[in-house]
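Listed below, chain by chain, are the residues.
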Amino acid sequence: MASVAIGDVYKSFGATEILHGVSVGIDDGEFVTLVGPSGCGKSTLLRMIAGLEKISRGHISIGSRIVNDVAPKERDVAMVFQNYALYPHMTVAENMAFSLMLKGVPKAESDVGVKRAAEILGLVPLLSRYPRQLSGGQRQRVAMGRAIVRNPQVFLFDEPLSNLDAKLRVQMRAEIKELHQRLKTTTIYVTHDQIEAMTMADKIVVMHDGIVEQIGPPLELYDRPTNLFVASFIGSPAMNLLKGTFANDGAPSFRGAGGVSLPLPKPPSIGNGEAVVLGVRPEHLRLADDGIPVTVAVIEPTGSEVQIIGRTAGGEDIVANFRERHSFAPGETIRLSVEPGPIHLFHGETGRRIEAAR
Amino acid sequence: MAVPSVAVQRRPSILSRLAGSRNALGLGFMLPAAALLLVFLTYPLGLGVWLGFTDTRIGRPGIYIGIENYEYLWSDGVFWLSVFNTLLYTVSASILKFVLGLWLALILNEKLPFKSFFRAVVLLPWVVPTVLSAIAFWWIYDSQFSILSWALQQMGLIDHRINFLGDPTNARASVIAANVWRGIPFVAITLLAGLQTIPQSLYEAATLDGASRWQLFRHVTLPLLTPIIAITMTFSVLFTFTDFQLIYVLTRGGPVNATHLMATLSFQRGIAGGQLGEGAAIAVAMIPFLLAAILFSYFGLQRRRWQQGGGD
C-alpha cells in the first residue's frame, strides 16, 4: 500500500492540452474517485498513474518514489479496465495467475494466491471457465481478481461498472466498497457517474475540462460545492439553479426572473444589485403559502418520494422532492419555499460560491 | 358477382405463388451460382478424373484403360521428382511466407509515419499479374544480365556471375524466392487485419501485468492470432501447391526437371506432349495432397475452446 501524489500534472496530445495542471494528494489506503463528464481528462490521468500515458509536465509519485520515468510494470499498480480486458484464450484461473506466471512465481505458490482471490470474490466454481462463458458481472469480478492476486500498492479502476446493467451496477458498487474495506489498498476509481462517486469514495475529485474543480469528502461536496459546476454535477436530481440579482434593501434577498423573490438567511458578502445564481437542492423545497408560485409540469412518483418538475413564472425549471405523497395535477400551481439553512449562492459571472458574511 | 373475385383470390398466379414461397425463392437465387459451379468446376473436375482413366491424346478420343496411367506414373522417376519438388516448393515457400509475412504485419501494425502508404506499397507484388512479375524475375535471374550478379560483383562479393536458373539447386531456390516475394503481401495483409482485431486494452493489461515485448507477443498476440493464421496459411499452401505461372515463365520445369511441379508436369505431358490422359492423371494425383491440406485446415480452423460459449 502506498500514498499517491499528483503534482501539477499537464498532458498534451500533440497541440491539444488535455490536462491543465492537476494536483491531487491521495493518502495510503484511501478510496478516491475521479469524477467528471466525458472528456474531462479523468481517464487520461488514471492512465498516467498506471504508466500507459506519458506525463507531459509535472510529476506523479507512488509511495516516496516519483514514477514519471518508471515503466508500468515496475510501478506495482493493478488496473481494472472498462471492458475488463480479460485474455480470451485463458481460463479464469490462468487470467488471474498471468502476472504471477510472468514474474516466475512457482505454480504451487501462484495457485494459492489465485485460490485466495477467487474465494474473496466467489469465483472458485468458475476457475476453469473461459471469459466468453461468463456473464458481465462475473467478468468484472475476474478482472478484479486479476488485480487482487498481484497484491499491488494501488488499485486503479477505469469506469469498471459502466458495461453492467443498472441492478448489477448497484450490487458491484457495494462489493467493490466492501473489498476495499477488507483489503485497505489505496484505490483510485474513475467514473462519470456521480452516484458511484458519492457512494463509494472517501474522497472525490471533481474534474472538468482538464482541471480539478473541487476535492473533498462526498458530503462536503454535496453540502458546500465551491462553484456552479460542482453544484450542478453532484447530486441527483441536480440542484436547482435560479439566475437573478442580490438585493439588500433592509433585508437581504434574492430577486429572480418573473418576480421571484426569496429572503436570504444572512447578508452575504456581495454588493447590492450584483448578478448571482441561487442554488437549492430539490429536497430542501417545501410547500408554503407564501412561497414562489410554480406550475407543475411532470409528477414522478418513485415510491419513496414524489418528484415534481415545475416551471417558475420566469420560465425556469425547478425540481422538488417530497417524502409525502402529494397528488398534484399537471398544470396546477403550487407554492414552494426554501428551508432557510441550505441555500447556496454563487457569483453570477465567475460561478464561485459566495460565503455568507459572519 | 362475388363468385369470380373469390375464385381469383383462391388461385393466385403461379408467379406470385412462387414469389411467396421461401423455398422457391431460395432456389431461384441459388441457381445461377450453382450453374456456374457445375459448369466450370464440377464438370471439368469430373472430366479430368475420367480422362485420367483413358489413353486420350490430342485429336484422338481415348478408351478406358483403368489405372494404367497411374501404374505408369508410379514407376516414372520424373513424376516422383515433381512430387518431391512440389512438396519442397510448398513447404519452404509457405514457411518463409509465414515468418516474413507475420514479421511484416507486426511492423505495419506499429505506429509508423506514412503508414497507409506503406500498407498500399506492400500489396504491390500481390496486385501485379503473376506473368509480369515472373518476367521481371526472369531478368533478375538472367545468366548474362542479372542485376543481382552485377550488384554482387560490383560490391566485390563474387567474382563470376551466378547461374541462377541453370543449376538445379540455384533454380529451386530462385523460384522459391520469387514465389515468396509474390506471396508475402497476402499473408502480411491478412495477418495485419487479424492483428487489428486484438483489443489494445489486452496489451495494456498485459503490460501492467509485467509482460515484456516478447511476452506480449508470445502470450497475447500469437494465441489470439492463431485462428487467422490457420485460414491464411491454408489458402497460402493451396495457392503455392497449385502454382504454375511462375515456374512456367521462369524455368519451364528445368534444368533437368529440377523445378518441375506437378502442375507444370501435368501441363507439359497433357497439353505440350499431347498425352491428355496422362496429364490428367498427374493433375488427379494432386487431389489427395490438396484434400490433406484442406482437412488439416478444417481441424485447424475449428473454433478453439476459448472461442466458444456465450456471446458478448
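Note that the structure is predicted; figures quoted are calculated from it, not measured. (Residues numbered from 1 in each chain as written. Chains lettered and ligands numbered in written order. Predicted model: local features only at pLDDT ≥ 70, side-chain atom pairs only at ≥ 80, totals over all residues.)

K.L.:
Is there a simple way to think about the pairing of strand β15 (residues 285-301) of chain A in this case?
P.N.:
Successive side chains on a regular strand alternate, one facing one side of the sheet and the next facing the other. All names here are of chain A. Pairing of β15 with strand β18 (residues 333-338), which is carried by seven bridges, proceeds in the antiparallel orientation. From the neighbouring strand, Leu285 faces β18, where its bridge partner is Val338. Bridge count between β15 and strand β16 (residues 306-312): seven bridges; the pairing is antiparallel. Within the sheet, the bridge partner assigned to Val294 lies in β16 and is Thr312. The loop that links β15 with its antiparallel partner β16 comprises four residues; one of these, Gly303, has a positive phi angle of about 105 degrees. (Pairing = 2+ DSSP bridges. Helix = DSSP H or I, 4+ residues; strand = E, 2+ residues; numbered from the N terminus.)

K.L.:
Would you explain the domain arrangement of chain A in this entry?
P.N.:
Interface extent is often summarised as the accessible area lost during association of the parts. Domain annotation of chain A identifies domain 1 (4-226) and domain 2 (237-347). Averaged C-alpha coordinates put domain 1 of chain A and domain 2 of chain A at centres separated by 39 Å. (Domains from an automatic or database assignment.)

K.L.:
Sorry, what's going on with the packing of helix α3 (residues 107-121) of chain A against helix α4 (residues 136-149) of chain A here?
P.N.:
A packed helix pair is summarised by two numbers, namely the angle formed by the two axes and the spacing between the axes. Residue and element names in this part refer to chain A. At a minimum axis distance of 9 Å, the contact between α3 and α4 shows a crossing angle of 135 degrees. Classified by the interaxial angle, the pair formed by α3 and α4 is oblique. Crossing angle aside, the handedness with which α3 passes α4 is right-handed. Taking contact as the criterion, the partners of Gly113, Val114, Ala117, Ala118, Ile120 and Leu121 in α3 are, on α4, Arg141, Met144, Gly145, Ile148 and Val149. Here the residues of the contact of α3 with α4 sort into eight nonpolar, two polar and one charged. (Axes fitted to C-alpha atoms, helices over the stretch in contact; angles between N-to-C directions. Parallel < 35°, antiparallel > 145°, perpendicular 65-115°, else oblique. Left-handed = near helix turned anticlockwise from the far one by under 90°. Contact = placed C-beta atoms within 7 Å. Nonpolar A, V, L, I, M, F, W, Y, C, P; charged D, E, K, R; others polar.)

K.L.:
How should the packing of helix α2 (residues 92-103) of chain A against α3 of chain A be read in this particular structure?
P.N.:
Residues and elements named next belong to chain A. Viewed as axis vectors pointing N to C, α2 and α3 meet at an angle of 130 degrees, and their least axial separation amounts to 9 Å. For the element pair α2 / α3, the angle class is oblique. Where α2 crosses over α3, the two elements pack in a sense that is right-handed. Side by side, α2 and α3 meet where Ala93, Met96, Ala97, Leu100 and Met101 of the first sit next to Ser110, Gly113, Val114 and Ala117 of the second. Residues that form the contact of α2 with α3 fall into these classes: seven nonpolar, two polar and no charged.

K.L.:
Explain the sheet that holds strand β19 (residues 344-347) of chain A here, please?
P.N.:
Residue and element names in this part refer to chain A. With antiparallel pairing, the five strands of this open sheet are ordered in space as β13-β12-β11-β14-β19. Taken across any chain shown, the strands that pair with only one partner, and hence form the sheet edges, are β13 (261-263) and β19. The average angle at which neighbouring strand axes cross in this sheet is 40 degrees, direction not considered.

K.L.:
Sorry if this is basic, but what is going on with the domain arrangement of chain B here?
P.N.:
All names here are of chain B. Each domain of chain B was delimited in the assignment, giving domain 1 (15-52) and domain 2 (68-302). Centre-to-centre separation of domain 1 and domain 2, based on C-alpha positions: 34 Å. Between domain 1 and domain 2, the residue contacts involve four residues of the former and seven residues of the latter. In terms of residue class, the side of domain 1 that touches domain 2 is made up of two nonpolar, two polar and no charged.

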